[in-house]
Structures are given as structure tokens and as C-alpha cells.
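# Per-entry structural report
These are the residues of each chain, in order.
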Amino acid sequence: MPGEQGTPSPRPRGAALVTAAWARLRPTGNRVTGYLAVGAVGALIGTSLAVGAGASGTRPRLADVAAWLASSEKGEVAHANGLTGDVDGKAVLPAGMAGHPVSVAQDGRTTLVLDEQTGQVVRIDASQLTAEQSADYGAAGLQLLSGGAYAYVLDPAKGTVQRIDPAMTTAESPPVQLGGKPGAAVVDGDGTLWVPLPDQGTVVPFVKGLKSTAVKVAEAGHDLALTLAGGRPVVTDRTAAEMKVLTVTGTQGTFALDGATAGSAPAGLLVPASTDGSVVPVLATGSGELMMTDVRSRHTLRARVPAEGHDLGAPQLLGKRVYIPDESTGRLLVYDTSLSALAEPVRITDGAGELELFVRDGLLWVNDQDGATAAVIDADGEVRRIGKYETDVPSARKPGDRPVEDSVPTGGAAAQVPPPATVPSATVPAPSAPSGQTPEPTQTEPSPAPTQDCELHWETGCAEPGAPGAPQVESRSGAIRITFAPVAGATPQRYVLKGSAPDQTVTPEEIGPDGPFTFEVRGGSCEEQYGFTVVAEYAGDKPSKESAPSALARPCVAPGAPRELTFTPAQGGHGGTVTWLPPQGADGSVTYTLNGPGGTAETTEPSHTYSGLRNGIVRGVAVMASNAAGSGAAASGWIDLSLPAQKMNIVHNKPDGRDLGIRNMPHSTEGGRAGGIPPGENPEVTVHCNTKGQVITINSKTTDVWARLTYYDPTLDKNITGYVTDHYVESRSNPDVWACE
């Protein structure tokens, strides 16, 4: 039987490996490790049956919903499962990278790591858990980006972009000059690179690895920041407080961030490098104003978070929550848009430090590159802690290998994450007693018991009335929606809204203690911004309590694209009128900007007339509508001045024995003949246009007009196109025949 003599059967060896894997699972209790070991054994058995045992078959398949997280001090990257928070693989970076800051570019196809201090780029081999493929670009401060089938190295100091092979990490083309000093770039899922040049006020796209025409987005010298919002590039002009949606041919919408920059320098207006959806969160660190702009629906939500005394980073949006890194405390501030209030912060580290945040696969990843701490948060707000320094995970290290840095602990103690912090309260702790002494109990006077019903008559001893939370405002078409968090403690009798203008109506007029805690204010001017407070009114003699003021908002949104763009040529051409319908539901005073022949033009009417254009050419035109809240996508069309051919008959061609010549030029002796029409025949011809040429006098009539026409010659069975003096056509009296140019 096979397996009894000669080559041993693989079955007993495979069974032994499975048994060994389960034995590894049982004593340690590490389920994930055991499952991975069994998976590795299965891969090994399958490979052995086909081609013999190989290294590739011994590596587990890493989780798809996952991310690579850097540990710069240890010189390694850990692969964490987003559903469990477990580390299921590690790769050690090349010698010399430990202790250096690194950046990780991961696009689902390849994972590249850049040493920001030396310029070395390394590819992580997920199947082998190694980092051996690398190339050195020899400079500090580089940017590494990848997306689609493309990867790029950006050198801000030299102002160059170089395309690299994401598999080999080597250069695929020479560096390309940008023509300016770039800011932080982004790359979309198609591999298109978007590079801002703040000094020029432009963004340069690289489509399929090739440099395209720069897109003008701002005045030269403005501070620009890019965000990839649901795969669409969005540029924030932090100097002008504007946000624009980009395409390779121009911008497709502008959103005003006015009010958000109050108290903030341009650099204090923070946006993330990418978002999962179409909503871009913006944080003004000076004022604490938080804006969430949906670049598709054009709705804008505004709230306020505490900013004074905090070192805040760029906000990240996941689900209904906005997460803001507070690097002065090692926490994430959490603003819950569904509650219109701050939620409990998430403790990441036990002290100050830089935190990396990014959203991937519908999960928020948080990493402290300088320590063992990391976390992953799902859309429901559940936090899973990640121990990056965990050692009992698959890696390319062999037993007995020394750690990369002997001074860095590698045990489990360093992977412990501090417990979640509670929401800070306004209570000031009592001073502690000197060392070695027992503190004396603090004497407090008991509150007197109320003598009446607190719901009807407030007095000392009743629960202290509280103020509602600061309102959250959302700009809508023709209205502002205000939501707020109810008071904690004493129950108010009602909530009322303050701040509405005389030409605005508030619905409802008041809200009961059980909510819903939403007002809608209709009316007002799109050119004005409005702020509100909510007042909790109590029964009896309880004092009313007023909330902190809301952020400012407009009762409008940026308009959409104009509709039904058409062009009607003028009599004889040389121009015409472009007309369109206003955007659906446009608010306030709308201004239209046209980009067409001669540059840009503005109008408040849904039409614009062009003149002085050359006939015979088709030109593009785009119209964008804007109001005080911003602008929408452009509607595009064509100014079509193609020559309208007319059917006419030859006239006055007498049977005098001489044919009517069709000339190659509008001249009787220059350019030669294209053909002729027999004498005495006056057939139908197609007249294309009129042009100026040689002056001809026939029967005391003089004209310099020549008709460009096409005559079908039945003898030759072909069309002949050329010029005939207009004495024999009289097209100059036909208003539907245009000039040739």
C-alpha cells in the first residue's frame, strides 16, 4: 500500500502538526494564536501535497478587516484585527529604523513603510511577515502615498514627485518637478495623486502616474489642506475659510466656513486627511467650533467643543461621533451628534503624546507610535484595546532572536492600556493631608429639607436647576435646525429658544421636559448668520437657566447645479445667449459664475449673452451657482457656432457657353478651379457660409462676397466644394447664411 514502503505518506505528519497546534492552544488559552496555528498547518499540508513544504505555506492569512500599526521605538509594525483588537502578526523593520518616526501607507493591496528620518521605503510582505524589500530615497521629511496600482514619494524640500513600484519599492520614473513647494498630498483609490501648492494656490493631479494641468483653487500664498472624502478630493482653503470639491478639470462646489475661523490662525483650522463618507469634519482650535460639511447634500452641522488649554488634533468622523485627539492628555474627546453633546472621552495613553487617527473599513484606528498603546473603535463607539508589544503572535523572528532594541521592554506589562477616564467634573478635590497624618473629616452643613413641593415652589434644599447643553445647529434649505441636550438634575417645566430674528418663526414655541429636544427656525436671510441659546424654565420660584451660545449658522445651504443649460445662437452667429434654470430649492440671492469664451463672467440673471465670437467653432461653457453659504457643482454645455448649411439654387447662370467656375479660393484667378457648373444650369447647392474675397462686378452690380458651397456633379458623380462669387448665389440676402468666420 502507498505509505508502507518508499516515500512516507503525508497524512501522519499532517495529523501530528494539527495535534501540536491544538496542544499549543490548550495550555496557553490563547484562542487566536491556536486558530492561526491550525490555519498555518492547513496551509502547510495543502502545499506539501502539491509542491512540497514551502515557506509560503507556513504563514497564516491575516484578517481582512485590519490595519498595520507602527511601533517606531521597537522598530516593528503590528497587524491588528479590527473585529477583535488582537494582534495577529508582526513584521520587524530593517536594522537602523528602530527609534525613527515612520509613516505607513496601506491601501488594501500593498503596505509600505517610510522611515521619515532617512527616506528608506520598505514593503511589508504580509504572507511572510517580513520587511526585506526596500529602497533608499536618501532624504528626511518625505511623504509616502499609495492607492490603486500606484505609489509615490513626495519630496517637499526639492518640490518633486517620483512614482515608485509598490511591490519592489524602487523608482519607476525620474522625479517630476512640481513648480513649487508642496503641502501634504493625498492619493485616491484610482491612484490619482493630488498635490497642493500653497504658494501658487493650485492643486496638481497626477493621473495614472502622469502630471496633469494644475487646478486653481485659491489665491497664491493661501494655506491649503487636502481631504479625501469618500474617495473625492476636497481642498480646504484655511486662509479664506472655504472648502472646495476637486476634479481634474476644476472645482465642483464651494462651501463657506465663515465663523469657524474665529479666534484661529489658518493653521488652527484642522481637517483629516481622509474620511469614509462625504462628510468632512473641520475643527477651529481657537474657538472650539466644530463643523461637519456634507459635500454631497451640502448640509452643514455646527457645534462647540472645549478647546482652551487643550492640544487638539484633526477630528475624525465615524458614525454619529466625532473623535478629536487631545494630545495634552492622551485622550480622545468625543462629540456625539445624536445627543448634541460631548460623550465620555476615551483614554488612549496615560500622558501627553502624539496620536495617529485614521478611519479604515468602517473602523477608527488610534495609535501611539512611540508606545505600546493602540485602539480600534467601531461605529457604535465600542473601544477595543490593542497590545502592540504582544509577543505571542506570528512573526518572522526565529526562536532565540534578540529583540531589535534591548532597552525596550517586550513583555506583556508594557502592553497594558490605562483604564478609560471618566468625564471631568467641576468638583475641586479637597487638599490632601501632610504625609504621615490622618486627614480630618470635612465638616459640611446638611442642606435643610424643603418645606414645599419643589415642582411648584423652589427653595433651598430643592434640587439645583441646571442649564441645557450648548445647542447644535444645522443649516438647511430655508431653515436652521437646533438640537440640544436636556438638563440634568431638577426637571424644568419647559424649554424655549432665544436668538431668533423678527422675520423668523420658531417651531415649536416651547418644548416640554420629555422632548424631543429640537427646534426649527424658518426664515431669515441667507446673507446673515444666527446664534441661539436654549433656556430651561422652571416652575415656582426656580431661576431659569440659559445654555451656552451655539455656533453661528445660516438658514440656507450652498445651491446645487443650475438646470437645463441651453445655447441659442444670434442671427448670423458670432455669439448668442446661454440660458439655464436656477438650482432646485436655491436659497437667498444667487450669483452665477460662467466660465466660457473670454474667461469668467458673473450675473444674477439665469442667462448670459456672448458676442464677437468666431463662427464655425464649438466652445465649452460652465455655469456655477453660489450664495452666501457657498456654491454647488457646475452645469456644463456648449456654445455651438457650427455653420448652419442652407439649401439654395444657383441663379443667373446663363447658357452663354461658359460654365460657372467653382474656385478653391474666393478669387477668380488665384487658387485654381475645384470644378464647374454647366452653362445654363441653376441646380440646388448646399451653401455653408459667406466670406470676403475678390471684388467682382457683373451687370453694374459689385460685391466682394463669395459663397462657400457644395455642388453635386452628376457627370463625375461626386461632390465639389469651393467658392462661387455671390452674384450667382445671392446668399448675402439670406439671413440664415452666416459668415464663414
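Conventions and cut-offs
Residues numbered from 1 in each chain as written. Predicted model: local features only at pLDDT ≥ 70, side-chain atom pairs only at ≥ 80, totals over all residues. Heavy atoms only, no water. 1 Å grid on protein atoms, 1.4 Å probe; cavity = no way out; pocket = protein on both sides within 12 Å on 5 of 7 lines; lining within 4 Å. Points joined across faces, edges and corners; volume = space filled by probe spheres on them. Helix = DSSP H or I, 4+ residues; strand = E, 2+ residues; numbered from the N terminus. Nonpolar A, V, L, I, M, F, W, Y, C, P; charged D, E, K, R; others polar. Disulfide = S-S within 2.5 Å. Buried < 20%, exposed > 50% of the residue type's maximum accessible area, 1.4 Å probe, protein only. Contact = heavy atoms within 4.5 Å. Pairing = 2+ DSSP bridges. Axes fitted to C-alpha atoms, helices over the stretch in contact; angles between N-to-C directions. Phe/Tyr/Trp six-rings, centres within 6.5 Å; stacked < 30°, edge-to-face > 60°. Core = buried A, V, L, I, M, F, W, Y, C linked by side-chain atoms within 4.5 Å.

Our next topic: empty space enclosed by the protein. One pass over the full model with this rule turns up one cavity of 30 Å³ or more. Considering only enclosed or pocket space, the largest cavity measures out at about 110 Å³ in volume. Lining of the largest cavity is provided by F255, A256, D258, R298, T300, R302, S475, R554, C556, V557, A558 and A629. Elements with a minimum of two residues in the lining of the largest cavity: β20 (250–256) and β25 (300–304). Residues of the lining of the largest cavity, tallied by class, amount to six nonpolar, two polar and four charged.

As a further point, take the layout of surface pockets. Roughly 740 Å³ of internal volume is contained in the second largest pocket. Lining the second largest pocket are 24 residues, and of these T251, T593, N595, M624 and A634 lie nearest its centre. Among the elements of the structure, β19 (242–247), β20, β43 (591–596), β44 (599–603), β46 (618–627) and β47 (630–631) are those that each provide at least two residues to the lining of the second largest pocket. Considering every element that reaches the lining of the second largest pocket, the biggest residue donor is β20, with six residues.

Here we take up the state of the cysteines. With the rule as written, the count across this model stands at two disulfides. Shown here is the disulfide that connects C526 with C556, its sulfur atoms set 2.1 Å apart. Where C526 bonds to C556 through sulfur, the torsion about that S-S bond is close to 70°, and the disulfide is right-handed. Note that C526 is positioned in the loop between β38 (518–523) and β39 (533–537) and C556 in the loop between β40 (545–546) and β41 (563–569), a separation of 30 residues in sequence. With respect to class, C526 is no different from C556; both count as buried.

Let's shift gears to unusual backbone geometry. Cis geometry marks the peptide bond from T507 to P508; its omega dihedral reads -10°. Cis geometry marks the peptide bond from G515 to P516, where omega comes out at 0°. Examined against the element boundaries, P516 turns out to sit in the loop between β37 (504–507) and β38.

Below, the discussion takes up the environment of L145. As for its position among the elements, L145 is in strand β8 (residues 143–147). For the pair L145 and P166, spaced 21 residues apart in sequence, the C-alpha to C-alpha distance is 9.8 Å. What L145 contacts, discounting residues up to four positions off in sequence, is Y150, A151, Y152, A185, V186, V187 and L193.

Turning our attention to the sheet that holds strand β28 (residues 331–336). Strand order in the open sheet formed by four strands is β26-β27-β28-β29, and the pairing between neighbours is antiparallel. Because the sheet does not close on itself, it has two edges, and the strands there are β26 (316–318) and β29 (341–347). Averaged over all adjacent pairs, the angle separating strand axes in this sheet is 25°, with direction ignored. Bridge count for β28 against β29 is five bridges, and the pairing is antiparallel. When the sheet's bridge partners are listed, R331 is paired in β29 with R347.

So, about the pairing of strand β24 (residues 289–294). For β24, a buried count of six out of six residues is recorded, marking the element as mostly surrounded by other parts of the structure. Along β24, one buried face is formed by E289, M291 and T293 and the opposite face, lined by L290, M292 and D294, is buried too. Examined bridge by bridge, strand β23 (residues 279–284) and β24 share six bridges and lie antiparallel to one another. The residue bridging A284 from the neighbouring strand is E289, located in β24. Between β23 and β24, which pair antiparallel in sequence order, lie four residues; one of them, G288, sits at a positive phi of approximately 80°. Relative to β25, β24 runs antiparallel, the two being bridged by five bridges. In the strand pairing of β25, L290 is matched with A303. Counting the residues that bridge the hairpin from β24 to β25 gives five residues, and of these R298 lies at a positive phi of roughly 70°.

Summed over all chains, the structure comprises eight aromatic pairs. Seen from their ring centres, Y495 and F517 are 5.8 Å apart, and the 90° between their planes marks the pair as edge-to-face. Of this pair, Y495 sits in strand β36 (residues 494–498) while F517 sits in the loop between β37 and β38, and the two are 22 residues apart along the sequence. Residue Y495 is classed as buried on the basis of its relative accessible area, which comes to 1%.

V473, I480, I482, Y495, L497, F519 and F532 are the most contacted members of the largest nonpolar core, which has 19 residues in total. Only β35 (479–483), β36, β38 and β39 provide two or more residues apiece to this core.

Extensive coverage of strand β34 (residues 472–476) is indicated by the burial of four of its five residues. Where β34 hands over to β35, the hairpin turn is made up of two residues, of which G478 adopts a positive phi near 80°.

Here the focus is the sheet that holds β40. What the three strands build is an open sheet, ordered β36-β39-β40; its pairing is antiparallel. Every interior strand has two partners, whereas the edge strands, β36 and β40, have only one. Two strands pair when backbone bridges link them, and β36 and β39 are joined in this way by five bridges, in the antiparallel orientation. For K498, the partnering residue across the bridge sits in β39 and is T533.

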